[in-house]
Amino acid sequence: MSSNPRVIEFHYVLHDMKGEMIDQSEAGEPLAFLEGSGQIIPGLESVLLTMSKGDKREVHVKAEDAYGDRDETLVANVPVDQLPTSEVKIGDMFRGGPDQDDPIMVVTSVTESHVTLDANHPLAGKDLVFKVEIAEMRPATKDELEHGHAHGAGGHHH
Ligand code: ZN
């Protein structure tokens, strides 16, 4: 973290390498983050920090600087009768344990006896393309530094 962390608000549209849109900030509502807080992926933050208010850029981020490579040890083949429900279809999500921090597992295939669960981040292993525009850059307030996140529009409300 630099000695004078900033809060940066930016608009973005996220595509995969095939040009398919994955996500975008809501119209007129940029996403806000506190510099150095680890709120956004490192490969995007490092570029945003070099930009100025009003700048637009297309940023290519390799998987390793985004959500990391896929980890095949996070894929499990589980008997259907070990799941909390027998009504399972592709795309269903289960939490891997009782805690809020336990990973979310997505059903990626279903047979009569088994279900494949994948705990990788949905964007793991993907190179990403962000079209970004910096809406605002300002010094972080004392409260934001204490809390470790951005407040106000696009940030935390509390
Ligand atoms: Zn706060």
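Residues numbered from 1 in each chain as written. Predicted model: local features only at pLDDT ≥ 70, side-chain atom pairs only at ≥ 80, totals over all residues. Heavy atoms only, no water.

1. Observations concerning the coordination of the zinc ion
Basically, it comes down to this: Metal-coordinating donors are taken as N, O and S atoms lying within 2.8 Å of the metal, or within 3.2 Å when the metal is Na, K or Ca; because water is left out, some sites can appear incomplete. By the criteria applied here, four donors are tetrahedral when all angles lie between 85 and 135 degrees, four are square planar and six octahedral when opposite donors are over 155 degrees apart and every other angle lies between 65 and 115, and any other arrangement is irregular. A run of H or I in DSSP becomes a helix once it reaches four residues, and a run of E becomes a strand once it reaches two; helices and strands are each numbered from the N terminus. For every residue, the accessible area obtained with a 1.4 Å probe (protein chains only) is divided by the maximum for its type, and the residue is called buried under 20%, exposed over 50%, and partly exposed between those limits.
Distances from the zinc ion to its protein donors, His147 (ND1), His149 (NE2), His151 (NE2) and His158 (NE2), fall within 1.9 to 2.2 Å. Relative to the metal, the 4 donor atoms surrounding the zinc ion lie at angles of 97 to 124 degrees, and the coordination shape comes out tetrahedral. Of note, the donors binding the zinc ion are all from one chain and are spaced H-x1-H-x1-H-x6-H. Of this pair, histidine 147 sits in helix α2 (residues 142–147) while histidine 158 sits in the segment after α2, and the two are 11 residues apart along the sequence. Among the residues examined, histidine 158 registers a relative accessible area of 68% and is labelled exposed.

2. Points about the sheet that holds strand β7 (residues 104–110)
What counts is decided by this rule: Pairing between strands is defined by DSSP: at least two bridges between the two strands are required. Angles run from 0 to 180 degrees between N-to-C directions of axes, and those axes are lines fitted to C-alpha atoms, restricted for helices to the stretch in contact.
Strand order in the open sheet formed by 4 strands is β5-β8-β7-β6, with antiparallel pairing between adjacent strands. Of all strands in the sheet, those with a lone pairing partner are β5 (75–79) and β6 (93–95), marking the two edges. The mean inter-strand angle of the sheet, taken between neighbouring strand axes irrespective of direction, is 35 degrees.

3. Quick word on the pairing of strand β1 (residues 6–16)
For β1, a buried count of 8 out of 11 residues is recorded, marking the element as mostly surrounded by other parts of the structure. As paired elements, β1 and strand β9 (residues 128–139) share 11 bridges and run antiparallel to each other. Looking across to β9, one finds that aspartate 16 is bridged to leucine 128. Pairing analysis gives 3 bridges linking β1 to strand β2 (residues 21–24), with the strands arranged antiparallel. From the neighbouring strand, leucine 14 faces β2, where its bridge partner is aspartate 23. Where β1 folds back onto β2 in an antiparallel hairpin, the turn is made up of 4 residues, including glycine 19, whose phi is positive at roughly 90 degrees.

4. A closer look at the side chain of glutamate 45
Note the cut-off: Only four residue types enter the charge count: Lys and Arg as positive, Asp and Glu as negative, with His and the chain ends excluded. Whenever Lys or Arg places a side-chain nitrogen within 4 Å of a carboxyl oxygen from Asp or Glu, that contact is recorded as a salt bridge. Contacts: residue pairs with any heavy atoms within 4.5 Å of one another.
Examined against the element boundaries, glutamate 45 turns out to sit in helix α1 (residues 42–48). Buried charge without a partner: glutamate 45 forms no salt bridge, and the closest opposite charge is arginine 6, 7.9 Å away. Other than its neighbours up to four places away in sequence, glutamate 45 contacts Phe33, Leu34, Glu35, Gly36, Gly38 and Ile40.

5. A look at the domain arrangement of the protein chain
For clarity, the threshold we go by: A domain assignment, automatic or from a database, supplies the domain bounds used here.
Annotation of the protein chain at the domain level lists domain 1 (6–67 + 124–147) and domain 2 (72–118). Taking the mean C-alpha position of each, domain 1 and domain 2 sit 31 Å from one another.

6. As for the confidence of the model for the protein chain
The test is simple: The quantity known as pLDDT measures the predictor's confidence residue by residue, on a range of 0 to 100.
Summing up the model confidence of the protein chain, the mean pLDDT is 92 and the portion of residues at 70 or higher is 98%. Across the protein chain, the element-wise mean pLDDT spans from 88 in β6 up to 98 in strand β4 (residues 56–61).

7. What about the pairing of β9?
In terms of strand pairing, β4 meets β9 through 6 bridges, oriented antiparallel. Counted as the bridge partner of valine 61 is leucine 128 from β9.

8. Here's the deal with the pattern of salt bridges
Opposite charge on two side chains lets them pair, provided their charged atoms get close. According to the stated counting rule, one finds 8 salt bridges in the structure shown. Residue arginine 70 is joined to glutamate 72 by a salt bridge in which the shortest nitrogen-to-oxygen separation is 3.1 Å. With a relative accessible area of 39%, arginine 70 lands in the partly exposed category. A salt bridge links arginine 138 to glutamate 144, with the shortest nitrogen-to-oxygen separation between them at 2.9 Å. For arginine 138, a relative accessible area of 23% translates into the label partly exposed. The exposure class of glutamate 144 is buried, given its relative accessible area of 1%. Each member of the salt-bridge network shares a partner with another, and the members are Arg70, Glu72 and Asp118.

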